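# Descriptive analysis of the structure
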Amino acid sequence: MTRTWVRIFSATALIFAQAALAAPAPATATPQALVMALDKYPHAVQKDTNKLEVADHEIGLGPIQKFGGAWQFEASERVSGYLSRYTWQIIDGFSAIEVMQEFVAELQKIPGSKELFSCEGRSCGHPAQWANRVFNQRVLYGRQEMQRYRVYAIEGEPAYRLAIYAGSRTSDRHYLHIDLLEMTVDSAVELEAETIEPG
């Protein structure tokens, strides 16, 4: 798994290095380059992609739970900018969790990358809400104990938010989703859910 992933990233780095002969380029990978590398990963089949401009888009920084009869995040922030969404099915015996771990390991090497929130299994909340309400991808709905969620801030010009979610429906149906949001200046607004016990 790791060797295959390294080969994919090495090939991507070579492409970017060749392009750098014509114009200066950053020495480190960008969030977009990591997503492009994942899109070329031989054991990932893209199921959906979407790009749109968003205003006050909510990113979960806590589990999704029912507060006062309504599903909402325990904590979140709202950001504006350009949102790119990607959903893949992970095939050939690999799991979405394995691929997610490799992707996050590369993401953490980017200067300015900082984890804002992470959860695993039941601590994330109900998987149906993540699939349908948060990411609008029904295929992500799977077993609660198999879900993983991470949110990262990547500082710079521009700054980004990256959310990654892994879900497994059965032993051979694994899905991975990434939301990559290029932020407009000073767009982040932190929110907290009402202090009501989950219902």
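Residues numbered from 1 in each chain as written. Predicted model: local features only at pLDDT ≥ 70, side-chain atom pairs only at ≥ 80, totals over all residues. Heavy atoms only, no water.

### Remarks on the side chain of Arg85
Filter applied, for reference: Counting from the N terminus, the helices are DSSP H or I runs at least four residues long and the strands are E runs at least two residues long. The rule is simple: take the accessible area with a 1.4 Å probe, protein chains only, and divide by the maximum for that residue type; under 20% is buried, over 50% is exposed, in between is partly exposed. Any pair of N or O atoms that falls within 3.5 Å is considered a polar contact. Within protein, one atom must be able to donate a hydrogen and the other to accept it, and sequence-neighbouring residues count only if both atoms are side-chain atoms. Contact definition: two residues touch when any of their heavy atoms are within 4.5 Å.
Structurally, the position occupied by Arg85 is in strand E4 (residues 75–90). By relative accessible area, which is 14% here, Arg85 ends up buried. Engagement of the side chain of Arg85 in a polar contact is seen with the side chain of Asp179, the distance being 2.7 Å. Beyond its immediate sequence surroundings of up to four residues, Arg85 is in contact with Asp48, Thr49, Asn50, His57, Val134, Phe135, His177, Ile178 and Asp179.

### Quick notes on helix H3 (residues 96–107)
Think of an α-helix as turning once every 3.6 residues; residues three or four places apart then point the same way. Heads up, the rule is: Helix span, expected: 1.5 Å multiplied by one less than the number of residues in the helix.
Between its first and last C-alpha atoms H3 spans 16 Å; for twelve residues at 1.5 Å apiece the expected length is 16 Å, and the two agree. Counting buried residues along H3, nine of its twelve residues qualify, which places the element largely inside the surrounding structure. Listed as buried for H3 are Ala96, Ile97, Val99, Met100, Glu102, Phe103, Val104, Glu106 and Leu107.

### A short note on empty space enclosed by the protein
Put simply, the rule is: A 1.4 Å probe that fits but cannot get out identifies a cavity on a 1 Å grid over protein atoms alone, an open set with protein on both sides within 12 Å along at least five of seven lines counts as a pocket, and a residue lines either if it has an atom within 4 Å of a point. Grid points are joined across faces, edges and corners, and a volume is the space filled by probe spheres set on the points. Residues are grouped as follows: Ala, Val, Leu, Ile, Met, Phe, Trp, Tyr, Cys and Pro are nonpolar; Asp, Glu, Lys and Arg are charged; all remaining types, including Gly, are polar.
Taken as a whole, this structure holds one cavity of 30 Å³ or more when the rule is applied. The volume enclosed by the largest cavity comes to roughly 90 Å³. What lines the largest cavity is a set of 14 residues, among which His57, Glu58, Ile59, Ala163 and Asp179 lie closest to the centre. If you list the elements that add at least two residues to the lining of the largest cavity, you get strand E1 (44–60), E4, strand E7 (160–170) and strand E8 (173–183). By residue class, the composition of the lining of the largest cavity is eight nonpolar, two polar and four charged.

### As for the nonpolar core
The line we're drawing: The definition of a nonpolar core used throughout is a set of buried Ala, Val, Leu, Ile, Met, Phe, Trp, Tyr and Cys residues joined through side-chain atoms within 4.5 Å.
Trp88, Phe103, Leu176 and Ile178 are the most contacted members of the largest nonpolar core, which has 26 residues in total. Breaking this core down by element, the ones donating at least two residues are helix H2 (31–39), E4, H3, strand E6 (148–154), E7 and E8. If one sorts the elements of this core by residue count, H3 sits on top with seven residues.

### Focus on the packing of aromatic side chains
Here is the rule we go by: Working definition: a ring pair exists when centres of Phe, Tyr or Trp rings (six-membered ring for Trp) sit within 6.5 Å. Plane angles under 30 degrees give stacked, over 60 give edge-to-face, the rest tilted.
Within the structure shown, the criterion is met by eight aromatic pairs. Here Tyr86 and Trp88 contribute two aromatic rings whose centre-to-centre distance is 5.7 Å and whose plane-to-plane angle is 5°, an arrangement assigned as stacked. Like Tyr86, the residue Trp88 is buried in the burial classification. Taking 5.8 Å as the distance between ring centres and 25° as the angle between the ring planes, the aromatic pair formed by Trp130 and Tyr165 counts as stacked. Remark: Tyr165 occurs in strand E7 and Trp130 occurs in helix H4 (residues 127–134); sequence separation between them is 35 residues. Classification of Tyr165 as buried rests on a relative accessible area of 0%. Through pairs of rings, three or more aromatic residues link up here, namely Phe73, Phe117, Trp130, Phe135, Tyr149 and Tyr165.

### Concerning the pattern of salt bridges
Short version of the rule: The term salt bridge refers to a side-chain nitrogen of Lys or Arg lying within 4 Å of a carboxyl oxygen of Asp or Glu.
By the definition in use, this model includes seven salt bridges. Close ionic contact of Arg78 with Glu58 constitutes a salt bridge, the shortest N to O distance being 3.5 Å. Residue Arg78 is located in strand E4, and its partner Glu58 is located in strand E1; the two are separated by 20 residues in the primary sequence. For Arg78, a relative accessible area of 30% translates into the label partly exposed.

### Describing the state of the cysteines
Spelled out, the test is: The disulfide criterion used throughout: a pair of cysteine sulfur atoms within 2.5 Å.
All told, the structure shown has one disulfide when counted by the stated rule. At a sulfur-sulfur separation of 2.1 Å, the disulfide partner of Cys119 is Cys124. What sets the handedness of the Cys119 and Cys124 disulfide is the S-S torsion sign, and at about 115° it is right-handed. Under the relative-accessibility criterion, Cys119 is labelled buried at 5%.

### Some remarks on the pairing of E4
Rules: Two strands are counted as paired when DSSP detects at least two bridges linking them.
In terms of residue burial, E4 counts as a mostly covered element, since 13 of its 16 residues are buried. As paired elements, E1 and E4 share 14 bridges and run antiparallel to each other. When the bridges of E4 are listed, Gly60 appears paired with Ser76. The pairing of E4 with E8 spans ten bridges and is antiparallel. Bridge pairing in E8 places Gly81 opposite Met183.

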